[in-house]
Amino acid sequence: MKKHILIIPGDGIGPEVTTWGKAVLEQIAADHEHEFTFEDGIMGHAAIEATGNPLPEETLTKARGSDAILFGAVGHAKYDNDPTLKVRPEDGLLKIRKELGLYANLRPVVLFDELLDASSIKPEVLKGTDILFFRELNGDAYFGEKKRSEDRDTASDLMIYHRYEVERIAVKAFEAARTRNKKVCSIDKANVLESSRLWREVVQDIAKEYPDVQTVHMFADTAAMQLIKNPRQFDVVLTTNIFGDILTDEASQIAGSMGMLASASIGDGTGFFEPIHGSAHDIAGQNKANPLASILSVALMLDISFGLKEEAIGLTDAVRQVLKLGFRTADIATETTDSKKILGTKEMGEQVLILLRQTLSVK
Ligand code: NAD
């Protein structure tokens, strides 16, 4: 299979982790006789420094011409504490999501048994958790009109949804539920927000077309509590942009670390694959970042964008084997981890490559 992949490393730990995402793609191409070609694009702080624009036109053109995009993260400390700055790295990310029509963000929260003790939640509560989040990505307060009063003392972000935006992601979530445990939990704040009342109404309408799928509705605050109390109750979770952003970070603790969670943003065109974490300035450039979320994002790319299920399963298995052998990056290490097996970004990436090659030689 021939595929052209755009790599957007971004800022902070982005380049460190995407290096390993690309390395596993190269290994898989060599092992399975695929032809994957690559080019790089800039976005975020790196792009602002180079061009003044967080998403240069050139990157967007490359994105439109690619079969899939592997993204790292954007963000830089200087913007975090200076809300007055007009151009921000995250603007690039929001723009590319809108321009490519990436309206559905899929975030699988699957706990590898080997990491049961890496979470701060009790193993007996966690074991067997397997959730697939569908976070809406093109609407909500993130894209609604933003206003600031002339005296600068009042600000607002319009929380807005249109029926078609809710319909298209709800259909994707219900379709996915049919291939899983046939349960959808839709999360909103319909008790206080009008946009959530529309959300619930539309989800109820779509649910009628899927009588074989059990649908429940939950308020976002209750969901935040239930995710920790009993995460196994969830199968497919369908939610808005802002609630999905917050709840999936919370859910990352089920998987042990932000460094373990992958995501796929899809719409009707090119898919965009990225770890859920940010640019993590606190550990950038120190060979400390966990590359597994980026590597698992590649598994999603292989499966969702290229239909290469066997390769996707092989890659996920290689990650599982590495964990089974006891190797950990610092974020998923515990008191019982053999200190010789606590690896840096590069060494963890190399272990996954070794296991990938071994899996192939066993076949
Ligand atoms: P973050 O996800 O970057 O980091 C949160 C914590 O998790 C940090 O302690 C970090 O060290 C740790 N962490 C994250 N990824 C890790 C990994 N792969 N391995 C080990 N530890 C990891 O979130 P933050 O600190 O709130 O934000 C930092 C910057 O990233 C900000 O500028 C923010 O705007 C940006 N951000 C970008 C994205 C994105 O590009 N998609 C998402 C979230 C935040």
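Think of each chain on its own: its residues are numbered from 1, step by step along the sequence as written. Residues qualify for local features only when their pLDDT is at least 70, as the model is predicted, and side-chain atom pairs are given and counted only at 80 or more; totals for whole chains, interfaces and linings, by contrast, use all residues. Hydrogens and waters are ignored; side-chain quantities use all the structure's heavy atoms.

Q: Mind laying out the nonpolar core, listing which residues take part and the relevant values?
A: Nonpolar side chains tend toward joint burial in soluble globular proteins. By size, the foremost hydrophobic cluster in this structure holds 88 residues, and its most contacted members are Leu302 and Leu315. Each helix is a run of H or I in the DSSP string that is no shorter than four residues. Each strand is a run of E no shorter than two, and both are numbered from the N terminus. It is helix α11 (residues 292–305) that contributes the most residues to this core, eight residues altogether. An automatic or database domain assignment supplies the start and end points of every domain. When residues of this core are sorted by domain, at least three fall in each of domain 1 (1–103 + 267–363) and domain 2 (109–257). When neighbours within four sequence positions are excluded, Leu302 is seen to be in contact with Leu25, Ile28, Phe36, Gly307, Leu308, Glu311, Ala312 and Leu315. The next biggest cluster of nonpolar side chains, apart from the first, holds 14 residues, and it includes Leu6, Ile8, Leu93 and Leu100. The term nonpolar core refers to a set of buried residues drawn from Ala, Val, Leu, Ile, Met, Phe, Trp, Tyr and Cys, joined through side-chain atoms within 4.5 Å. Categorising residues by exposure relies on relative accessible area from a 1.4 Å probe, with only protein chains included: less than 20% of the type maximum marks a residue as buried, more than 50% marks it as exposed, and the intermediate range marks it as partly exposed. Contacts between residues were defined by any pair of non-hydrogen atoms, one from each residue, lying within 4.5 Å.

Q: Which residues make up the site of the ligand, and what values go with them?
A: Any residue with at least one heavy atom within 4 Å of a molecule or strand is counted as near it. Surveying the vicinity of the ligand reveals 22 residues, the closest of which are Val74, Glu90, Gly278, Ala280 and Asn290. Each polar contact in these results corresponds to two N or O atoms within 3.5 Å; when the atoms are within protein, one needs to be able to donate a hydrogen and the other to accept it, and residues that are neighboring in sequence are counted only if both atoms are side-chain atoms. At 2.8 Å, a backbone N or O of Asn290 approaches a nitrogen atom of the ligand. Per-residue and other accessible areas follow the Shrake-Rupley method at a 1.4 Å probe size, with only the shown protein chains counted as cover for residues. Protein contact buries 71% of the 810 Å² of open area that the ligand shows by itself. Counting only elements with at least two residues in the shell around the ligand, the list comes to β3 (68–73) and α5 (89–99). By residue class, the composition of the shell around the ligand is nine nonpolar, eight polar and five charged. Gly is put with the polar residues, along with every residue not named as nonpolar or charged; the nonpolar set is Ala, Val, Leu, Ile, Met, Phe, Trp, Tyr, Cys and Pro, and the charged set is Asp, Glu, Lys and Arg.

Q: Just give me the short version of the packing of aromatic side chains, but keep the residues and values in it.
A: The relative placement of two aromatic rings is captured by the distance of their centres and the angle of their planes. Side-chain rings of Phe, Tyr and Trp, where Trp is taken by its six-membered ring, are said to pair if the distance between their centres is within 6.5 Å; with planes under 30 degrees apart they count as stacked, over 60 as edge-to-face, and otherwise as tilted. Inspection of every chain in the model, using the stated rule, returns four aromatic pairs. Sitting over a ring, as applied to charges here, requires NZ of Lys or CZ of Arg to be within 6 Å of the ring centre and within 35 degrees of the ring normal. One cation-aromatic arrangement involves Lys341 over Phe327; the distance from NZ or CZ to the ring centre is 5.6 Å.

Q: Mind laying out the side chain of Asp11, listing which residues take part and the relevant values?
A: For Asp11, the position within the fold is in the loop between β1 (2–10) and α1 (14–32). Charge assignment: positive for Lys and Arg, negative for Asp and Glu; neither His nor the chain ends contribute. For salt bridges, the criterion is a side-chain nitrogen of Lys or Arg within 4 Å of an Asp or Glu carboxyl oxygen. The charged side chain of Asp11 is buried without a salt bridge, its nearest counter-charge being Lys78 at 10 Å. Discounting residues that sit within four places of it in the chain, Asp11 has contacts with Met43, Gly44, His45, Ala46, Ala73, Val74, Gly75, Pro89 and Ser279.

Q: Describe unusual backbone geometry, naming the residues involved and giving the relevant values.
A: In the Ramachandran plot, Glu33 falls in the positive-phi region, its phi being about 55 degrees despite a non-glycine side chain. Take Glu33: it is sitting in the loop between α1 and β2 (35–40). Judged by its relative accessible area of 71%, Glu33 falls in the exposed class. We note that Ala280 has phi near 40 degrees; this positive angle belongs to a residue other than glycine. Among the structural elements, Ala280 can be located in the loop between β12 (271–275) and α11. In this structure Ala280 comes out as partly exposed when scored by relative accessible area, which is 24%.

Q: Could you give an account of the packing of α1 against α11, naming the residues involved and the relevant values?
A: Each axis is a line fitted through C-alpha atoms, and for a helix only the stretch in contact is used; angles between axes span 0 to 180 degrees, taken between their N-to-C directions. At a minimum axis distance of 8 Å, the contact between α1 and α11 shows a crossing angle of 45 degrees. Here α11 runs oblique to α1, going by the angle between their axes. Relative to α11, the crossing made by α1 is right-handed. Contact with α1, carried on its side by Val17, Thr18, Trp20, Gly21, Val24, Leu25 and Ile28, involves Ser294, Ile295, Val298, Met301 and Leu302 of α11 and no other residues of that element. Split into classes, the residues belonging to the contact of α1 with α11 amount to nine nonpolar, three polar and no charged. In what follows, roughly perpendicular refers to angles from 65 to 115 degrees, roughly parallel to angles under 35, roughly antiparallel to angles over 145, and oblique to any angle outside these ranges. The sense of a crossing depends on the near helix, which, turned anticlockwise from the far helix by less than a right angle, makes the crossing left-handed and, turned clockwise, makes it right-handed.

Q: Would you mind going over the pairing of β1 in detail, with residue names and values included?
A: Along β1, seven of the nine residues are buried, which leaves the element largely enclosed by surrounding structure. Note: two strands are recorded as paired if DSSP finds a minimum of 2 bridges between them. With six bridges connecting them, β1 and β2 associate as parallel partners. Each residue of the ladder has a partner; that of His4, found in β2, is Thr37. Considered for its hand, the β-α-β crossover made up of β1, α1 and β2 is right-handed. Two strands pair when backbone bridges link them, and β1 and β3 are joined in this way by five bridges, in the parallel orientation. Residue pairing in the sheet places Gly10 in a bridge with Ala73 of β3. For crossovers, right-handed means that the path from the first strand over the helix to the second runs clockwise, given strands pointing away from the viewer.

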